[in-house]
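A closer look at the structure
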Amino acid sequence: MARPTEGSPTVFLVLRRMRAPLIVLILIFAISVFGLTLIPGRDDGGNPVHMGFFDAFYFMSYTATTIGYGEIPHPFTGAQRLWVTATIYLTVIGWAYAIGALLATLRDRAFREALAHRRFTRTVRRLREPFLLVVGYGQTGQLLGRALDALGRRLVVVDATPEHVDTLDIDPYYADIPGLVANGANPHTLGIAGLEHPACEGVVALTDDDEVNLTVAMTAALVRPGLPVLARTVSPAIEHRMRAFGSPTVINPFDRYGDHLRLALHAPSAYLLQSWLIGGEDAPMPEPGRPPRSGRWVISGYGRFGQKLAEDLRTEGIDVTVIDPRPDEAPGLTFIEGDASEPSVLAEADLAGAAGFVAGTDNDATNLSLVAAARKANPSLFVGARQNRPATAPLFAAMEIDWLLVPSEMAAREIYARLSTPLLWRFLQEMPGRGDEWAAETLDRMRAHCGMRLGALWKVTLTAKETPGLEPWLAGGARLGDLLRNPRDRDVHLDAVPLMLVRDGETVLGPAEDTTLAAGDQLLLVGRSGARRALLETLTNRVVAEYVLAGRTVPSGWVWQRVTGRTPSSPETPVRSSDDT
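All of these numbers come straight from a predicted model, not from anything done at the bench.

**Focus: the sheet that holds strand 13 (residues 382-386)**
Reading across the sheet, the 6 strands line up as 11-10-9-12-13-14 and stay open at both edges, with parallel pairing between neighbours. Looking at the sheet topology across the chains shown, the edges are occupied by strand 11 (333-337) and strand 14 (403-405). For this sheet, the mean angle separating the axes of adjacent strands, direction not counted, is 15°. Relative to strand 14, strand 13 runs parallel, the two being bridged by 3 bridges. Opposite Arg 386, over in strand 14, you have Leu 405 as the bridge partner.

Rendered as structure tokens:
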């Protein structure tokens, strides 16, 4: 992509808007100077004398700028003073015109956009640390941006709505986030925003227009092959077209809602564990709530959301009744044609004999009224609903809906889980396979070590570079349980829970404490921030690791090590743990 000249748009815009005022000022100045050279004055002897061009220019310069040193080189005659009086007023008019035109230019939308464009371009070019290019900064982008900023991740934002970009200056971010008001579907815009920048580590497409997100994913795949791309869409057709360009990560909140519902139907503890882990650090543990029940479900609205949800429920062998003004026939579904807000149509759905009801239209007022009517018809009904606009959030919260879909929040949580800790998403994909009982046990362990709020999630890679303190022990076989001892008192277990171990591409969920560690292993852990700092001390300090893993106290100073004869273990001769002797 061609890189534009940095300052030219702003300079040319100012020159174009100020062309007429500058010409007026130059003409006034030229006429004033020329007139002074033509009008004769008198010297000290009373002889006629004409002012030179330099003296006239000098006089008009300090007069036009209101400095006023005095008359040179001789006192003016009446004719000269009359001419100067006229030129002073003429100059004031010229300056007023020029200043007014300049202020109008500064207030002009095109000028301010050009200035912001120049500032944005310079800021992006100067970035040296890795950053994510976020296209679309609506509700989903803002939720994701705040979460990633808390982790210290740098962002560059592009959005077509000025109000969205303005929030970057209002929200209390830790780092300055450059934002540009522009159409993200324009490849030239993506180039300016840093798509080709060597520090760009990924692209996230979060606009409300699936076609724009498709264009962003396509441009990134063609311009930067191999660059990670995450895109949001609610259209299966668009998702298929996205996957034709590389291998982007596609987030469909409608699809994920159905997946979560299916998980909650047969594994409520696994669903609770998943919801807690993707909530972010310090997220409260979700309330168990009322689990969904098997039986006949009624869905109001058969758009993209209704179609996907009906498909997921049918996969679980659940009978589904769909209410829609324009129903499409589909095998295995019972359709009722009409508006669900009409009592006669809702009565035909027989909610009294249903197990669940989902208000899934694209109108929040309609969904709220449907939820109220459904509960009136069957107070024990499990109720789900779709919230489309952020402004209606208090109303949905007051309704205490059993299963609420907020597409922006669900997409933000899914993307955060993938970006914050890459191993977390792999864990969430494989965790349901361990069964609901295992998930319940993991929840109990997390509650014991983290309390009722989620602690930090982090990854540890056991290599000589990242964990130099463990170098002698990885060859000799350190145990996971020994690694999770407190450096201050090794009899105390750290407040950390190992969720997954990855070795040679194979995963072990919930590894036991007697698991022997090896070089190259990757660990996913969750725990309190203090436990993370303590573990880091063990991993990086060989003296601390000697105490934690072997129960052997070694002086930290080289002199005392030589005096006492107690030195840290070498890679060739690792010391066995005191628990093994």
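More follows now that the structure is in view.
**Concerning the packing of helix 11 (residues 253-266) against helix 13 (residues 304-315)**
For the pair helix 11 and helix 13, the least separation of the axes is 9 Å and the interaxial angle reads 30°. Relative to helix 13, the element helix 11 lies roughly parallel. Note on packing geometry: the crossing formed by helix 11 with helix 13 is right-handed. Residue-level contacts link Phe 254, Asp 255, Tyr 257, Gly 258, Asp 259, Leu 261, Arg 262 and Leu 265 of helix 11 to Arg 304, Phe 305, Lys 308, Leu 309, Asp 312, Leu 313 and Thr 315 of helix 13. Considered class by class, the residues forming the contact of helix 11 with helix 13 number 7 nonpolar, 2 polar and 6 charged.

**Some points on the packing of aromatic side chains**
Aromatic ring pairs: the centre-centre distance and the angle between the two ring planes describe each pair. Applying the stated rule across the entire model yields 12 aromatic pairs. On the numbers, 5.3 Å between centres and 65° between planes, the contact of Tyr 257 with Phe 305 is edge-to-face. With Tyr 257 in helix 11 and Phe 305 in helix 13, this pair connects stretches of sequence that are 48 residues apart. Given the relative accessible area of 1%, Phe 305 is considered buried.

**Structural notes on the environment of Ile 299**
Here Ile 299 lies in strand 9 (residues 297-300). Take Ile 299: its relative accessible area is 0%, and that puts it in the buried class. Note: C-alpha distance between Ile 299 and Gly 527 (228 residues apart in sequence) is 40 Å.

**Topic: helix 13**
If you check helix 13, its first and last C-alpha atoms are 17 Å apart, about what 12 residues at 1.5 Å a residue would give, namely 16 Å. Of the residues making up helix 13, those classed as buried are Phe 305, Gly 306, Leu 309, Ala 310, Asp 312 and Leu 313. Looking straight down helix 13, one finds its buried side chains confined to an arc of 165°; they lie on one side. Looking one or two places after helix 13, you find Gly 317, whose phi comes out positive at around 75°.

**Structural notes on a negative patch on the surface**
Taken together, the side chains of Glu 163, Asp 166, Asp 169 and Asp 176 make up a negatively charged region of the molecular surface. Tracing the backbone through its elements, the reader meets Asp 169 in helix 7 (residues 162-170). Asp 169 sits in the exposed class, given a relative accessible area of 70%.

**Remarks on helix 12 (residues 268-277)**
For the α-helix, the turn length of 3.6 residues means that residues three or four positions removed from each other point alike. With respect to burial, helix 12 is a largely interior element, 8 of its 10 residues being buried. All of the buried residues along helix 12 are Ser 269, Ala 270, Leu 272, Leu 273, Gln 274, Ser 275, Trp 276 and Leu 277.

**Observations regarding a nonpolar patch on the surface**
Taken together, the side chains of Trp 95, Ile 99, Leu 102, Leu 103 and Leu 106 make up a nonpolar region of the molecular surface, amounting to roughly 450 Å² of accessible area. Mapped onto the fold, Ile 99 is located in helix 4 (residues 78-107). Given the relative accessible area of 45%, Ile 99 is considered partly exposed.

**Brief notes about unusual backbone geometry**
Despite not being glycine, Asp 350 has its phi angle at roughly 55°, a positive value. Of note in this structure, Asp 504 is not a glycine but carries a positive phi near 55°. Looking at where Asp 504 falls in the secondary structure, it is placed in the loop between strand 16 (496-503) and strand 17 (506-509).

**A look at the environment of Gly 41**
With respect to the secondary-structure elements, Gly 41 resides in strand 1 (residues 41-42). Look past the residues within four positions of Gly 41 in its chain and what remains in contact with it is Asn 47, Pro 48, Val 49, Thr 77 and Gln 80.

**Some thoughts on the packing of helix 12 against helix 18 (residues 422-430)**
For any two helices packed against each other, one specifies the inter-axial angle together with the distance between the axes. At a minimum axis separation of 11 Å, helix 12 and helix 18 run at an interaxial angle of 165°. Considering their axes alone, helix 12 and helix 18 lie roughly antiparallel with respect to each other. In the crossing of helix 12 with helix 18, the sense of the turn from one axis to the other is left-handed. Across from Leu 273, Gln 274 and Leu 277 in helix 12, the residues of helix 18 making contact are Leu 424, Phe 427 and Leu 428. Tallied by class, residues from the contact of helix 12 with helix 18 come to 5 nonpolar, 1 polar and no charged.

**Focus on the pattern of salt bridges**
Pairing is possible between side chains that carry opposite charge, provided their charged atoms lie close to one another. The tally for this structure, following the rule as stated, stands at 24 salt bridges. With its nearest N and O atoms 3.0 Å apart, the salt bridge here joins Arg 154 to Glu 129. Residue Arg 154 is located in strand 4 (residues 154-159), and its partner Glu 129 is located in the loop between helix 5 (109-125) and strand 3 (131-135); the two are separated by 25 residues in the primary sequence. Residue classification places Arg 154 among the buried residues on the basis of a relative accessible area of 14%. With its nearest N and O atoms 4.0 Å apart, the salt bridge here joins Asp 312 to Arg 262. Placement of Asp 312 in helix 13 and of Arg 262 in helix 11 is noted, with a sequence separation of 50 residues between them. Its relative accessible area of 23% is what places Arg 262 among the partly exposed residues.

**Examining the side chain of Ser 32**
Considering the arrangement of structural elements, one finds Ser 32 in helix 2 (residues 19-38). The exposure class of Ser 32 is buried, given its relative accessible area of 1%. If sequence neighbours within four positions are ignored, Ser 32 has contacts with Met 60, Trp 83 and Thr 87.

**A short note on the sheet that holds strand 17**
Pairing in this open sheet of 4 strands is antiparallel, and the strands run 15-18-16-17 from one edge to the other. Each end of this open sheet is capped by a strand with a single partner; those strands are strand 15 (456-461) and strand 17. Pairs of neighbouring strands in the sheet enclose a mean axial angle of 20°, with direction left out of account. Examined bridge by bridge, strand 15 and strand 18 (residues 522-527) share 6 bridges and lie antiparallel to one another. Bridge pairing links Lys 459 to Leu 524 in strand 18. Of the strands in this sheet, strand 15, strand 16, strand 17 and strand 18 touch helix 18, which is tilted by about 90° from strand 16. Together, strand 15, strand 16 and strand 18 form the strand contacts of helix 22 (residues 529-540), whose direction differs from that of strand 15 by roughly 15°.

Thresholds applied
- Residues numbered from 1 in each chain as written.
- Predicted model: local features only at pLDDT ≥ 70, side-chain atom pairs only at ≥ 80, totals over all residues.
- Heavy atoms only, no water.
- Pairing = 2+ DSSP bridges.
- Helix = DSSP H or I, 4+ residues; strand = E, 2+ residues; numbered from the N terminus.
- Axes fitted to C-alpha atoms, helices over the stretch in contact; angles between N-to-C directions.
- Parallel < 35°, antiparallel > 145°, perpendicular 65-115°, else oblique.
- Left-handed = near helix turned anticlockwise from the far one by under 90°.
- Contact = heavy atoms within 4.5 Å.
- Nonpolar A, V, L, I, M, F, W, Y, C, P; charged D, E, K, R; others polar.
- Phe/Tyr/Trp six-rings, centres within 6.5 Å; stacked < 30°, edge-to-face > 60°.
- Buried < 20%, exposed > 50% of the residue type's maximum accessible area, 1.4 Å probe, protein only.
- Expected span 1.5 Å × (residues − 1).
- Arc of directions from axis to C-beta.
- Patch = residues over 30% accessible without salt bridge, like charges linked within 9 Å, V, L, I, M, F, W, Y side chains within 5 Å.
- Areas by Shrake-Rupley, 256 points an atom, 1.4 Å probe, with all protein chains shown as cover.
- Salt bridge = Lys/Arg side-chain N within 4 Å of Asp/Glu carboxyl O.
- Lys, Arg positive; Asp, Glu negative; His and termini not counted.
- Charge placed at Lys NZ, Arg CZ, Asp CG, Glu CD.

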